[in-house]
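Each chain, written out:
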Amino acid sequence: MMQEPWVSAMVTLSVPANDLASITPVKGHFTSAGFEVHAPLGSSFGIAGPKSQFEKTFDVILVVNDENLVTTVKTESGEMDLPLELLPENISAVVESIRFIDPPPLVFGAPGS
C-alpha cells in the first residue's frame, strides 16, 4: 500500500514578526487542525501534514507531482496559493497567504561547466 504524500506550505502573515498576540492564535489554529507547525521565520511559518489534511481544511484537491527528483504541489486548478475563505475570520484577518513553495532548481555538474 502506498503511503499518503506529506506536503507543506508557507503561511505568510500581514502582521509584524513581533506581534505575538496575533501570531499565536494563527499557529494554534493550524495545530488544532492537525498540522505540524514549524518555527516562524519573520512573519511566516510553515505548516505540514498529509495531503488529505490540506484537502479537508481548505476544501481543495491537491495534485502532487513526484515524478522528478523533487516534488511539487498545486491545487487541481494549478494554483500555488490555498484559499483563505474557510479560515475563521480572526485567523484570515492576519493571514496574507498560504502558499506551496516551488523547490529550487536542481543544477547538475560543476559550477561553470
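Our structure is the block above this text.
Notes on the structure follow. (Residues numbered from 1 in each chain as written. Predicted model: local features only at pLDDT ≥ 70, side-chain atom pairs only at ≥ 80, totals over all residues. Heavy atoms only, no water.)

Quick word on the overall build of the protein chain
Here comes step 1: When you go through the protein chain residue by residue, the secondary structure sums to 3 helices and 6 strands.
Here comes step 2: Scanning the protein chain from its N terminus toward the C terminus, one meets helices and strands in the order β-α-β-β-α-β-β-α-β.
Here comes step 3: Out of the 113 residues belonging to the protein chain, those deemed buried represent 32%.
Here comes step 4: Here the contacts in the protein chain between residues at least 6 apart in sequence split such that 54% fall between residues at least 24 apart.
Here comes step 5: Summed over all atoms, the accessible surface of the protein chain reaches about 7200 Å², with 55% contributed by carbon and sulfur. (Helix = DSSP H or I, 4+ residues; strand = E, 2+ residues; numbered from the N terminus. Buried < 20%, exposed > 50% of the residue type's maximum accessible area, 1.4 Å probe, protein only. Contact = heavy atoms within 4.5 Å. Areas by Shrake-Rupley, 256 points an atom, 1.4 Å probe, with all protein chains shown as cover.)

Digging into the pattern of salt bridges
Here comes step 1: Under the criterion given, the structure shown has 2 salt bridges.
Here comes step 2: Residue Glu55 pairs with Lys51 through a salt bridge whose shortest N-O separation is 3.0 Å. Linking Glu55 with Lys51, this pair stays in helix H2 (residues 51-58), spanning 4 residues, or about one helical turn. Of the two residues examined, Glu55 and Lys51, each falls in the buried class.
Here comes step 3: Between Arg99 and Asp81 there is a salt bridge, with the nearest N and O atoms lying 2.9 Å from each other. Of this pair, Arg99 sits in strand S6 (residues 95-99) while Asp81 sits in the loop between strand S5 (72-75) and helix H3 (89-92), and the two are 18 residues apart along the sequence.
Here comes step 4: Arg99 gets classed as partly exposed once you look at its relative accessible area, which sits at 35%.
Here comes step 5: Asp81 gets classed as partly exposed once you look at its relative accessible area, which sits at 32%. (Salt bridge = Lys/Arg side-chain N within 4 Å of Asp/Glu carboxyl O.)

Some details on H2
Here comes step 1: For H2, the buried fraction is high: 6 of the 8 residues fall into the buried class.
Here comes step 2: Among the residues of H2, Lys51, Gln53, Phe54, Glu55, Thr57 and Phe58 are the ones counted as buried.
Here comes step 3: In the core, the buried residues of H2 are packed alongside strand S1 (6-13), helix H1 (20-32), strand S3 (44-50), strand S4 (62-65) and S6.
Here comes step 4: Phi turns positive one or two residues past the end of H2, at Asp59, with a value near 50°.

It is worth stressing that arrangement in space is one thing and function is another; only the former is reported here.
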